[in-house]
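A structural walkthrough
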Amino acid sequence: MVLDPDAPVPDRGTANAGRSGSTRYREPSGPPGNLAPGVENVVFSGSGTQPGVGVPMAMISRRLTLGTDGLTRQRAVGLAGSLLLATGGLLAGAYPQHPKDFSVSQVLELTQLATICAYGGLVLLVVAWMHLGRLVRGTSPAAARPTRRELLLTAAGWAAPLMLAPPLFSRDVYSYAAQGAMVLHGLDPYAYGPEALDSGLRDDVDRLWTATPAPYGPVFLTLAARTVWLTGERTAPAVFGLRVLALMGVLLIVHFLPRLANHLGVDPNAALWLGVLNPLVLVHLVAGAHNDALLIGLMVAGLTLVLDGLPALGVILCALALLVKAPAGLALAFCVPLWGQQLTGRLRLTRAALLTSATAAGTIAVTSAACGLGYGWLGALQTPGQVRNWLSVTTTMGQLTGLVGGWFGAGDHLDGAIAAWRGAGGLVAVAVCAVLLLRSRQIGPVAALGTALIAVVALGPVVQPWYLLWGFVLLAAASRDENVRSLVAGASAAMAMVLMPRGGALAARDIVEAILVGGVVAGVAVLVERSVAKRPRATVPTATRA
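Figured I'd write up the structure that's included with this text. (Residues numbered from 1 in each chain as written. Predicted model: local features only at pLDDT ≥ 70, side-chain atom pairs only at ≥ 80, totals over all residues. Heavy atoms only, no water.)

**Digging into the nonpolar core**
The cut-off we apply is this: For this analysis, a nonpolar core means a set of buried residues of the types Ala, Val, Leu, Ile, Met, Phe, Trp, Tyr and Cys, connected via side-chain atoms within 4.5 Å. Exposure categories follow from relative accessible area, calculated using a 1.4 Å probe and restricted to protein chains: below 20% of the type maximum is buried, above 50% is exposed, and the middle band is partly exposed. Contacts were defined at the residue level, with two residues in contact if any of their heavy atoms lie within 4.5 Å.
Counting 136 residues, the largest nonpolar core has Leu132, Phe220, Ile296, Leu303 and Leu474 as the members making the most contacts within it. If we ignore the near neighbours within four places in the chain, the residues touching Phe220 are Tyr176, Leu245, Asn291, Leu294, Leu323 and Val324.

**Regarding helix α12 (residues 311–322)**
In an α-helix there are 3.6 residues to a turn, and that puts residues three or four apart on one side. The condition is simple: Comment: elements are numbered from the N terminus, with helices defined as DSSP H or I runs of at least four residues and strands as E runs of at least two. In this scheme, a helix's expected span is set at 1.5 Å multiplied by one less than its residue total.
For α12, spanning twelve residues, the distance from its first C-alpha to its last is 16 Å, which sits close to the expected 16 Å at 1.5 Å a residue. All of the buried residues along α12 are Pro311, Gly314, Val315, Leu317, Cys318, Ala319, Ala321 and Leu322. Tucked inside the fold, the buried residues of α12 contact α11 (292–307), α13 (329–340) and α14 (348–371).

**Examining the pattern of salt bridges**
Note the cut-off: A pair is scored as a salt bridge if a Lys or Arg side-chain nitrogen falls within 4 Å of a carboxyl oxygen belonging to Asp or Glu.
Enumeration over the complete set of coordinates arrives at four salt bridges. In this structure, Arg171 and Asp206 form a salt bridge, with 3.7 Å as the shortest nitrogen-oxygen distance. In this pair, Arg171 sits in the loop between α5 (148–164) and α6 (172–184) while Asp206 sits in the loop between α6 and α7 (218–230), placing the two residues 35 residues apart along the sequence. Note on Arg171: relative accessible area 22%, which makes it partly exposed. Between Asp292 and Lys325 there is a salt bridge, with the nearest N and O atoms lying 3.1 Å from each other. Of the two residues, Asp292 is situated in helix α11 and Lys325 in the loop between α12 and α13; the sequence distance between them amounts to 33 residues.

**Some remarks on the environment of Thr359**
Mapped onto the elements of the fold, Thr359 is located in helix α14. Counting along the chain gives 46 residues from Thr359 to Leu313, while the straight-line C-alpha distance between them is 8.8 Å. Discounting chain neighbours no more than four positions away, the residues touching Thr359 are Ala312, Val315, Ile316 and Trp339.

**A word on the packing of α11 against α12**
Stated precisely, the cut-off is as follows: Angles run from 0 to 180 degrees between N-to-C directions of axes, and those axes are lines fitted to C-alpha atoms, restricted for helices to the stretch in contact. Small angles under 35 degrees read as roughly parallel and large ones over 145 as roughly antiparallel, with 65 to 115 read as roughly perpendicular and the rest as oblique. Each helix crossing is assigned a hand: it is left-handed if the near helix lies turned anticlockwise from the far helix by less than a right angle, otherwise right-handed if that turn is clockwise. Note on residue classes: Ala, Val, Leu, Ile, Met, Phe, Trp, Tyr, Cys and Pro are nonpolar, Asp, Glu, Lys and Arg are charged, and everything else, Gly too, is polar.
Where α11 contacts α12, the axes come no closer than 7 Å and their chain directions differ by 165 degrees. Relative to α12, the element α11 is oriented roughly antiparallel. In the crossing of α11 with α12, the sense of the turn from one axis to the other is left-handed. Here Leu295, Leu298, Met299, Ala301, Gly302, Leu303, Leu305 and Val306 of α11 lie close against α12, whose contacting residues are Pro311, Leu313, Gly314, Val315, Leu317, Cys318, Leu320 and Ala321. Tallied by class, the residues present in the contact of α11 with α12 amount to 14 nonpolar, two polar and no charged.

**Quick notes on the packing of aromatic side chains**
Aromatic ring pairs are reported here in terms of the distance separating the ring centres and the angle at which the planes meet. To be explicit about the condition: Any two of the Phe, Tyr and Trp rings considered here, Trp counted by its six-membered ring, make a pair once their centres fall within 6.5 Å; the pair's planes then place it as stacked at under 30 degrees, edge-to-face at over 60, or tilted in between.
For the structure shown, the criterion picks out six aromatic pairs. Centroid distance Trp466 to Tyr467: 5.9 Å. Interplanar angle 85 degrees. Geometry classified as edge-to-face. Assigned by exposure class, Trp466 and Tyr467 land together as buried. What links up through ring pairs into an aromatic cluster is the set Tyr176, Tyr216 and Phe220.

**Let's talk about the layout of surface pockets**
Regions of empty space are outlined by a rolling probe, equal in size to a water molecule, passed over the atoms. Spelled out, the test is: Cavities and pockets are found on a 1 Å grid laid over the protein atoms alone: a cavity is a set of points where a 1.4 Å probe fits but cannot escape, a pocket is an open set with protein on both sides within 12 Å along at least five of seven lines, and a lining residue has an atom within 4 Å of such a point. Grid points are joined across faces, edges and corners, and a volume is the space filled by probe spheres set on the points.
Its volume calculated, the second largest pocket comes out at about 330 Å³. Every residue lining the second largest pocket is listed: Ala333, Val336, Pro337, Gly340, Gln341, Arg348, Leu349, Leu437, Leu438, Ser440 and Arg441. Contributing elements (two or more residues each) for the lining of the second largest pocket: α13, α14, α16 (414–438) and α17 (440–443). Broken down by element, the residue count for the lining of the second largest pocket peaks at four residues, all from α13. In terms of residue class, the lining of the second largest pocket is built from six nonpolar, three polar and two charged.

**What about the environment of Ser440?**
The condition that has to hold: Under this definition, polar contacts are N or O atom pairs within 3.5 Å; protein pairs additionally need one hydrogen-donor-capable and one acceptor-capable atom, and for neighbouring residues in sequence, both atoms have to be side-chain atoms.
Mapped onto the elements, Ser440 comes out in helix α17. C-alpha of Ser440 to C-alpha of Phe334: the two residues are 106 residues apart in sequence and 7.9 Å apart in space. A polar atom in the side chain of Ser440 sits 2.9 Å from the backbone oxygen of Leu437.

**Some details on the packing of helix α9 (residues 268–275) against helix α19 (residues 469–478)**
Where α9 meets α19, the closest approach of the two axes is 8 Å, and the angle between their N-to-C directions is 165 degrees. Of the possible angle classes, the one that applies to α9 and α19 is roughly antiparallel. By crossing handedness, the relation of α9 to α19 is classed as right-handed. Across from Ala271, Leu274 and Gly275 in α9, the residues of α19 making contact are Val473, Ala476 and Ala477.

**Remarks on a nonpolar patch on the surface**
We count it as follows: Within the patch definition used here, like charges are joined within 9 Å and nonpolar side chains (Val, Leu, Ile, Met, Phe, Trp, Tyr) within 5 Å, considering only residues with over 30% relative accessible area and no salt bridge. Each accessible area value is a Shrake-Rupley result obtained with a 1.4 Å probe; residue values ignore everything except the protein chains displayed when judging cover.
Taken together, Leu164, Phe240, Val244 and Met248 make up a surface patch of nonpolar side chains, about 400 Å² in accessible area. In terms of residue count, the dominant contributor to the nonpolar patch is helix α8 (residues 235–263) (three residues). Mapped onto the secondary structure, Phe240 falls in helix α8.

**A word on unusual backbone geometry**
A positive phi is found at Phe169, a non-glycine position, where the angle reads about 70 degrees. In this structure, Phe169 sits in the loop between α5 and α6. Using a relative accessible area of 2% as the deciding quantity, one classes Phe169 as buried. A positive phi is found at Glu233, a non-glycine position, where the angle reads about 55 degrees.

**Things to note about helix α15 (residues 393–407)**
Heads up, the rule is: As used here, the arc is the angular range of directions from the helix axis to the C-beta atoms.
The end-to-end C-alpha distance of α15 is 21 Å, a good match for the 21 Å that 15 residues give at a rise of 1.5 Å each. Of the positions making up α15, those classed as buried are Thr394, Thr395, Gly398 and Gly402. The buried residues of α15 occupy an angular sector of 100 degrees when projected down its axis, which confines them to one face. Among the exposed residues of α15, those oriented more than 90 degrees off its buried face are Val393 and Trp407. Tucked into the core, α15 has its buried residues touching α16.

As structure tokens, then:
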């Protein structure tokens with residue numbers, strides 16, 4: 001409504017009769033002239049409004065604040081980044097080793113430009129996510145906090161282009177497809193590599209993994225086999241089917257993470273922003289189709305159900321997560337104090353440990369028998385260690401030690417130095433996990449578990465950006481320390497940009513181009529954001545009392 005001082009005062013006997021004063025008003029014939037174009041559904045009022053007369057200032061339409069200053073802008077920037085990333089991925093994505101099904105990448109020679117486009121889009125996506133975090137935390141001036149529905153719609157919009165793009169940042173999905181085909185053909189994926197497979201899917205696998213057994217649990221390989229069967233052992237449909245499988249894990253996180261956060265006294269919307277809209281989730285779990293999505297989804301669901309008062313069902317889900325990838329087994333240890341809190345009487349932790357162990361062992365035995373793949377995956381857990389990447393502290397220190405020793409005439413002991421550092425890192429990780437488990441009552445079992453998983457990754461022989469999500473997603477729901485949450489957000493933003501869209505090894509030129517493109521795009525985005533923030537906002541007239 002628009003205030004009109006010349007309008008007549010309503011007669012006594014109307015809704016305003018008998019009050020000490022009333023507001024003169026008339027219904028507007030059009031929008032006020034002092035509002036920015038496109039702004040609508042605005043209610044004007046004064047402070048101290050009486051019941052029935054206007055609306056308090058706190059009720060000013062969300063569209064005014066969000067439409068011009070917050071969520072809409074960040075949604076658009078993030079969507080633009082996602083579209084650029086997906087478009088660049090059409091030519092510079094992580095294609096198969098022999099891309100027969102993606103011949104466009106061989107016909108068009110625009111890979112370098114496409115890489116710049118994709119990486120620029122990634123930077124835009126990260127910038128939008130960081131600015132969205134200011135809205136969620138309420139640190140952005142004059143902007144209302146997004147609702148859960150608005151956050152979920154934002155996540156869906158950002159993820160949609162990536163669902164349709166080629167695989168990005170990793171070729172692991174082709175290994176998943178080949179290993180699923182091995183199960184279909186009756187080959188033991190824990191004894192042989194994809195090179196033993198007589199299928200076109202074998203040719204898609206990165207050379208590094210053609211001779212290596214699968215390090216994944218029987219639950220995932222069985223699901224992969226069903227997916228490959230449904231898609232007729234064709235590369236493109238199989239990749240899309242495995243991406244849908246990963247999306248199911250993400251949907252588990254979407255559903256259970258806010259509930260877990262509620263249990264732990266954390267704002268559910270803040271948990272969604274940090275644990276679902278996180279760029280690592282979008283580019284590695286959605287675009288990369290990594291099976292870590294199922295691991296995290298089942299783990300989050302299991303922990304939530306334990307806190308819901310259904311500890312046996314929660315432990316079953318955590319055991320199934322272990323049968324996707326082994327690191328989820330650590331969650332079972334931290335289910336013990338959570339279950340123990342719900343018991344009464346003496347020796348609660350001892351009884352909880354026995355109940356957790358029995359439930360998990362029964363689940364593993366029954367599921368392994370149903371899948372028919374046995375326990376060979378336990379012997380293949382060292383497969384990822386064949387990679388030497390610079391993100392692993394222990395591997396990098398081992399390489400440096402070996403090189404320095406060679407310079408000083410100690411001989412070629414590079415492999416031994418790497419093995420020694422990795423072994424030491426493993427022992428330290430075990431010690432850290434033990435301390436966190438013992439102090440889980442003070443820290444909180446879920447927060448302690450998230451920290452333990454990060455320690456396992458950081459001190460492990462191989463570090464991939466998506467591995468960090470094992471702990472980051474849990475801390476998104478469990479940590480109330482703003483310093484910890486800021487560290488998780490900063491590390492997520494940084495780790496989202498350490499790989500090139502095509503995956504594989506990095507050349508020096510790739511790194512230089514990434515730094516230049518990322519710096520330019522981020523700088524432009526920040527300048528645009530500041531210029532928009534400095535624009536004069538629409539003034540809101542206040543009601544006056546007659």
